[in-house]
Structure formats: structure tokens, C-alpha cells
Amino acid sequence: MLPGKAPRESRVEMTELVLPSDANPLGTIFGGRVMQWIDIAAGIAAARHARRPAVTASMDALTFHWPIRVGEVVVLEARVLAAFRTSMEIGVTVHSEAQSTGLRKLCTSAFLTFVALDEQGKPSQVPPIVPETKEEQEAFAEAHQRRALRLGAR
Ligand SMILES: CC(C)(COP(=O)(O)OP(=O)(O)OC[C@H]1O[C@@H](n2cnc3c(N)ncnc32)[C@H](O)[C@@H]1OP(=O)(O)O)[C@@H](O)C(=O)NCCC(=O)NCCS
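Residues numbered from 1 in each chain as written. Predicted model: local features only at pLDDT ≥ 70, side-chain atom pairs only at ≥ 80, totals over all residues.

Engineer: Sorry, what's going on with the overall build of the protein chain here?
Structural biologist: Each helix and strand counted, the protein chain has 2 helices and 5 strands in total. Dimensions along the principal axes, computed over C-alpha positions, put the protein chain at roughly 50 × 35 × 30 Å. The proportion of buried residues among the 154 residues of the protein chain is 29%. Considering only intrachain contacts with a sequence separation of at least 6, the fraction spanning at least 24 residues in the protein chain is 71%. (Helix = DSSP H or I, 4+ residues; strand = E, 2+ residues; numbered from the N terminus. Buried ≥ 20, exposed ≤ 12 C-beta atoms within 10 Å, placed from the backbone. Contact = placed C-beta atoms within 7 Å.)

Dropping the structure here:
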């Protein structure tokens, strides 16, 4: 059994500026661009937790709560919520940030599963997650419930 790690040890914050090339004719960002940034932030968090390369196995519960407009700053936050045998669930939030006030609005959220790989490209064991706060304990329990649903569906 590998030593446990806290969610904060894998935390990633990524800041992006929405350019016209990221947007549709309505001036709001393409969903695919947000998904690309989510995948990158989650992949960094997964590799930071596992200290190995990790690949996306699935992305679920992706929700676009509010549109994001050209010229806005977006802040992505990712961290490993739970680690199983070789897979990890990563939670990602995407906030837009008003430049005048600094106020942030939750625009998108997602849960992804990444699998750590060894030198042969085979799934490799990952350290367990040790939640430190009440919020992390709740997220940990919810991640286990989502995994049970995913395994049931498969
Ligand atoms: C993800 C992948 C490595 C799993 O390989 P596999 O041979 O199915 O491995 P296993 O059956 O031993 O499962 C390994 C782990 O992956 C998990 N897993 C496999 N498919 C999954 C899926 N669709 N969703 C969530 N977890 C999944 C299993 O639950 C298991 O987790 P655990 O060890 O924590 O219990 C393989 O399917 C793959 O390479 N997929 C393509 C990945 C990719 O190219 N991603 C996009 C670019 S990064």
C-alpha cells in the first residue's frame, strides 16, 4: 500500500483568457475549448497525485451552468477527490472572473476518471486519498458513490 496523500497535494489552478478564436459567433466560448482546458487541468492533477503519466478514462457530469464570454478571464481548479486501485476521480470547476471586481462565478463543473500508467503503459497502483476537511470527506464519499454507479453501468 502506497502512503496516502491529501487532495491539496494535487490541486491545480489554471488561468486562461478567452480569445476570439475560442468563441462561437455569439461571442461565447466553445464547449469543446472548455472541455480541453478541463482535461488538461485534470490530467496535471492526476499526474501530480500519482507521480506517473495518467490518461483520461472517462469524463462525466459535465455541466455548463453559465456562458463564458470573449475577453473574460477563466480560472480552472482541479484536484483528486478519491483514488481507487489504479484510477482516480478528479473534480474540476471553471469560474469566470470579473476583471473590475475580482468576483468569480461558477460556469462549468466536471468529474473525470484518470488511470495511472506504468512504464509498459499498463494501469498502475496509485496512492490513496486522505481527506483533510469536512468538504473533502463529503467529496470523497460522493466520488465513491459515483464510482459504484459507473461500475454498475459498465
Ligand atoms: C483507461 C484504460 C487505461 C483502462 O485500461 P483497462 O485495460 O480497461 O484497465 P483495467 O480494466 O485494468 O481498469 C483499470 C482501471 O481503469 C478503470 N476504468 C477503465 N475504464 C474506465 C472508464 N470508462 N471509466 C472509468 N474508469 C475506467 C477501472 O475501473 C480500473 O480502475 P481501478 O484500478 O481503480 O479499479 C484504457 O481503457 C485506455 O487506454 N483507454 C484510452 C485512454 C485514452 O486514450 N484517453 C484519451 C487520451 S489521454
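There is more to say, and it comes next.
Engineer: Whenever I open this one, helix α2 (residues 134–153) confuses me. Can you help?
Structural biologist: Along an α-helix, residues three or four apart share an orientation, since each turn contains 3.6 residues. Helix length check: α2 (20 residues) gives 29 Å between terminal C-alpha atoms against 28 Å at 1.5 Å per residue, within 8%. The element α2 is largely exposed, with a buried count of 2 among its 20 residues. (Expected span 1.5 Å × (residues − 1).)

Engineer: Any chance you could explain the sheet that holds strand β5 (residues 104–116) here in plain terms?
Structural biologist: As a general point, the strands of a sheet are linked pairwise by backbone hydrogen bonds and lie either parallel or antiparallel. Spatially, the 5 strands line up as an open sheet ordered β1-β3-β4-β5-β2, and their pairing is antiparallel. Across the chains shown, the open sheet's two edge strands, defined by having one partner strand only, are β1 (12–17) and β2 (54–64). Strand after strand, the sheet turns through a mean of 25 degrees between neighbouring axes, direction not considered. By the bridge criterion, 8 bridges tie β2 to β5 in an arrangement that is antiparallel. The partner of Ser58 across the bridge, within β5, is Thr113. (Pairing = 2+ DSSP bridges. Axes fitted to C-alpha atoms, helices over the stretch in contact; angles between N-to-C directions.)

Engineer: I would appreciate a short explanation of the site of the ligand in the present structure.
Structural biologist: The local shell around the ligand consists of Val55, Thr56, Ala57, Ser58, Phe84, Arg85, Thr86, Ser87, Thr113, Val115, Pro123 and Arg150. For the shell around the ligand, the elements supplying multiple residues, two or more each, are β2 and β5. In terms of residue count, β2 provides more of the shell around the ligand than any other element does, 4 residues in total. A breakdown of the residues in the shell around the ligand according to their chemical character gives 5 nonpolar, 5 polar and 2 charged. (Near = placed C-beta within 6 Å. Nonpolar A, V, L, I, M, F, W, Y, C, P; charged D, E, K, R; others polar.)

Engineer: Could you clarify how one ought to interpret the nonpolar core in this entry?
Structural biologist: Soluble, globular proteins show a tendency: their nonpolar side chains are buried together. By size, the foremost hydrophobic cluster in this structure holds 34 residues, and its most contacted members are Ala42, Ala46, Met88, Ile90 and Val92. Secondary structure elements with two or more residues in this core: α1 (31–50), β3 (73–83), β4 (87–97), β5 and α2. Ala42 has contacts with Ala78, Ile90, Val92, Leu112 and Phe114, leaving out every residue within four places of it along the chain. (Core = buried A, V, L, I, M, F, W, Y, C linked by C-beta atoms within 7 Å.)

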